[in-house]
Amino acid sequence: TPTPTTPTPTPTTPPDPATAPTPAPTPKGPKTVPRPEAPKPAIETVHVMITSTPSGADILRDKVVVGKTPFRVALQRTNRDVKLELRLSKYQTSTLVVHADGSAKPQHVKLLPVAHNQAVNPFDDD
């Protein structure tokens, strides 16, 4: 009958410090946590109320109709002035300059009738 064998213990030797893996260096100072992106600032607008006598005049900006009086317009806040025109049939075109820097106040324009001796060209773009 075979005799049971017991495993022989293998001698253990401590690891050689010259060949042992070196741990990664620990960063010094506080941990950096990625910050969330700051929200982009909303575009600031300036609201201006424009009225006219008589009412119903077209309001044009860059020769494009943007509304009729009475009209509340929202303009992007800027240091530049915004030029608007008010047009109404049988009345003289009126130019209005609005300060879009936030200092604009409600604007009222009294439209003047076209004089009887003035010819009105319905095809005039200006």
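The shown structure was predicted, so the numbers you read here are calculated from the model rather than taken from an experiment. (Residues numbered from 1 in each chain as written. Predicted model: local features only at pLDDT ≥ 70, side-chain atom pairs only at ≥ 80, totals over all residues. Heavy atoms only, no water.)

A.B. asks: Explanation requested: the pattern of salt bridges in the structure shown.
C.D. replies: Where side chains of opposite charge bring their charged atoms close, a pairing between them can arise. A complete count under the given rule lists three salt bridges for this structure. The salt bridge involving Glu44 is made with Arg77; its shortest N-O contact spans 3.1 Å. Linking Glu44 in the segment before strand S1 (45–53) with Arg77 in the loop between strand S4 (71–76) and strand S5 (81–87), this pair joins segments that are 33 residues apart in sequence. In this structure Arg77 comes out as partly exposed when scored by relative accessible area, which is 38%. (Salt bridge = Lys/Arg side-chain N within 4 Å of Asp/Glu carboxyl O. Helix = DSSP H or I, 4+ residues; strand = E, 2+ residues; numbered from the N terminus. Buried < 20%, exposed > 50% of the residue type's maximum accessible area, 1.4 Å probe, protein only.)

A.B. asks: Honestly, the environment of Leu60 in this entry has me stumped. Any pointers?
C.D. replies: On the secondary structure map, Leu60 appears in strand S2 (residues 58–61). Residues Leu60 and Leu86, 26 residues apart in the sequence, show an inter-C-alpha distance of 6.4 Å. Residues in contact with Leu60, not counting those within four places in the same chain, are Val65, Lys83, Leu84, Glu85 and Arg87. (Contact = heavy atoms within 4.5 Å.)

A.B. asks: When you look at the nonpolar core in this model, what are you seeing that I'm missing?
C.D. replies: The nonpolar side chains of soluble globular proteins are, as a tendency, buried together. The biggest cluster of nonpolar side chains holds 15 residues, and the ones touching the most others in it are Val48, Ile50, Leu75, Leu84, Leu86, Leu96 and Val98. Among the elements of the structure, S1, S4, S5 and strand S6 (94–99) are those that each provide at least two residues to this core. (Core = buried A, V, L, I, M, F, W, Y, C linked by side-chain atoms within 4.5 Å.)

A.B. asks: Looking at this model, I keep getting lost on the side chain of Ser94. Mind explaining?
C.D. replies: Examined against the element boundaries, Ser94 turns out to sit in strand S6. Once residues within four sequence positions are removed from consideration, Ser94 is found in contact with Leu84, Glu85, Leu86, Val109 and Leu111.

A.B. asks: Where do I start with the sheet that holds S4 in this structure?
C.D. replies: Two pairing modes exist for strands in a sheet, parallel and antiparallel, and in both the strands are linked by backbone hydrogen bonds. Taken together, three strands build an open sheet; the order of strands is S4-S1-S7 and the sheet is mixed. Edge positions in the sheet fall to S4 and strand S7 (107–110), since each of these pairs with one other strand and no more. Between one strand and the next, the sheet's axes are offset by a mean angle of 30°, whatever the strand orientation. (Pairing = 2+ DSSP bridges. Axes fitted to C-alpha atoms, helices over the stretch in contact; angles between N-to-C directions.)

A.B. asks: So what exactly am I meant to see when it comes to the confidence of the model for the protein chain here?
C.D. replies: The predicted coordinates ought not to be read in detail in places where the model reports low pLDDT. For the protein chain, the mean per-residue pLDDT works out to 77, and 59% of the residues sit at or above 70. Here S4 is the element of the protein chain with the lowest mean pLDDT, 82, and S2 is the one with the highest, 93. (pLDDT = per-residue confidence, 0-100.)

A.B. asks: Where do I start with the side chain of Glu85 in this structure?
C.D. replies: With respect to the secondary-structure elements, Glu85 resides in strand S5. Beyond its immediate stretch of four places on either side in the chain, Glu85 contacts Asp58, Ile59, Leu60, Thr93, Ser94 and Thr95.

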